[in-house]
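Breakdown of the fold
In case you want the letters, here they are:
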Amino acid sequence: GKSIVKLRACNVTSSQGFGVWMVQRARVDITEGSVLHDCGRSGVVSFGQAQLTLNGSCIRASALHGICARGACRIALDDAQVTDTGVRGIYAYHNVTLPLARSEVRGTRDAAGAAVQLEALRPSDTCRLQLDAASREQLEYGSHPGQGPLVQGNAVAAGAPPAAPCPGARAARPGHGAGGRD
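We now turn to the structure provided with this report. The structure displayed is predicted, hence computed values, not measured ones.

**With respect to the pairing of strand β4 (residues 27-31)**
- In terms of burial, β4 is largely enclosed, as 4 of its 5 residues are buried.
- With 5 bridges connecting them, strand β1 (residues 4-8) and β4 associate as parallel partners. Bridging from a neighbouring strand, K6 pairs with D29 of β4.
- Pairing of β4 with strand β7 (residues 51-55) involves 4 bridges; the strand directions are parallel. Note that in β7 the partner of D29 across the bridge is T53.

Encoded structure:
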């Protein structure tokens, strides 16, 4: 529901599931060098109207996505890293707002995956990606075999490099994101 959780200087792993799962109006602040790593699915999954702040911390080596967000979530990264993920660094769809400041999303292991993928495919959807100059440069020229940012549908990318189609990307079903889920 409306829980507020603060993870400070924590080491979190999950061999078969999610590192952190947020729903409804939950708020999670991951700060002070916390590391979510080696999660069997995704590092953070956020649904509903949840809010995540990843500040001075990192998510690495998740089997699917570093962060998967759906609904009207706000996912804010500041001085953070999402690295070495299986499919996508950050996958956000429906009405997610995603500001990135001084942050890196790199090392996606799937050549067809995007470092950051935003999808707003339903008529009522609008996703928002906001990048500062450092995050933009890293996404445009960073080390990941897949695409940099991939923006589809009614998504708005402020400060993002030009989006290109993702080779091998699967078409989305109406009301669902493309490719692997959380």
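**Some points on the pattern of salt bridges**
- One pass over the structure, following the stated rule, counts 5 salt bridges.
- Between D29 and R27 there is a salt bridge, with the nearest N and O atoms lying 3.3 Å from each other.
- Accessibility expressed as a relative area gives 9% for D29, which makes it buried.
- What makes R27 partly exposed here is its relative accessible area of 36%.

**As for the environment of T97**
- Mapped onto the fold, T97 is located in strand β13 (residues 97-101).
- Measuring from C-alpha to C-alpha, the distance between T97 and L129 comes to 6.2 Å, with 32 residues separating the pair along the chain.
- When near neighbours in sequence (up to four residues on either side) are disregarded, T97 contacts C73, R74, I75, R128 and Q130.

**Digging into the packing of aromatic side chains**
- Within this structure, the stated rule accounts for 2 aromatic pairs.
- The cationic tip of R70 hangs over the ring face of F47; the distance from NZ or CZ to the ring centre is 4.0 Å.

**Points about the side chain of S46**
- Here S46 is to be found in strand β6 (residues 44-46).
- Residue S46 is classed as buried on the basis of its relative accessible area of 0%.
- Beyond its immediate stretch of four places on either side in the chain, S46 contacts M22, C68, A69, R70, C73 and I75.

**Examining the sheet that holds β13**
- In space, the 7 strands of this open sheet follow the order β1-β4-β7-β10-β13-β16-β18, with parallel pairing throughout. Because the sheet does not close on itself, it has two edges, and the strands there are β1 and β18 (155-158). This sheet shows a mean twist of 5° between the axes of neighbouring strands, independent of strand direction.
- As paired elements, strand β16 (residues 127-131) and β18 share 4 bridges and run parallel to each other. Across the sheet, residue R128 finds its bridge partner in β18, namely V156.

**Focus: unusual backbone geometry**
- Unlike most non-glycine residues, D38 shows phi in positive territory, near 50°.
- Summarising the element assignment, D38 is placed in the loop between β5 (35-37) and β6.
- The backbone of D84 shows a phi angle near 55°, a positive value even though the residue is not glycine.
- Assignment of secondary structure puts D84 in the loop between β11 (81-83) and β12 (88-94).
- The partly exposed category is assigned to D84, whose relative accessible area is 36%.

Cut-offs and rules
- Residues numbered from 1 in each chain as written.
- Predicted model: local features only at pLDDT ≥ 70, side-chain atom pairs only at ≥ 80, totals over all residues.
- Heavy atoms only, no water.
- Buried < 20%, exposed > 50% of the residue type's maximum accessible area, 1.4 Å probe, protein only.
- Helix = DSSP H or I, 4+ residues; strand = E, 2+ residues; numbered from the N terminus.
- Pairing = 2+ DSSP bridges.
- Salt bridge = Lys/Arg side-chain N within 4 Å of Asp/Glu carboxyl O.
- Contact = heavy atoms within 4.5 Å.
- Phe/Tyr/Trp six-rings, centres within 6.5 Å; stacked < 30°, edge-to-face > 60°.
- Lys NZ or Arg CZ within 6 Å of the ring centre and 35° of its normal.
- Axes fitted to C-alpha atoms, helices over the stretch in contact; angles between N-to-C directions.

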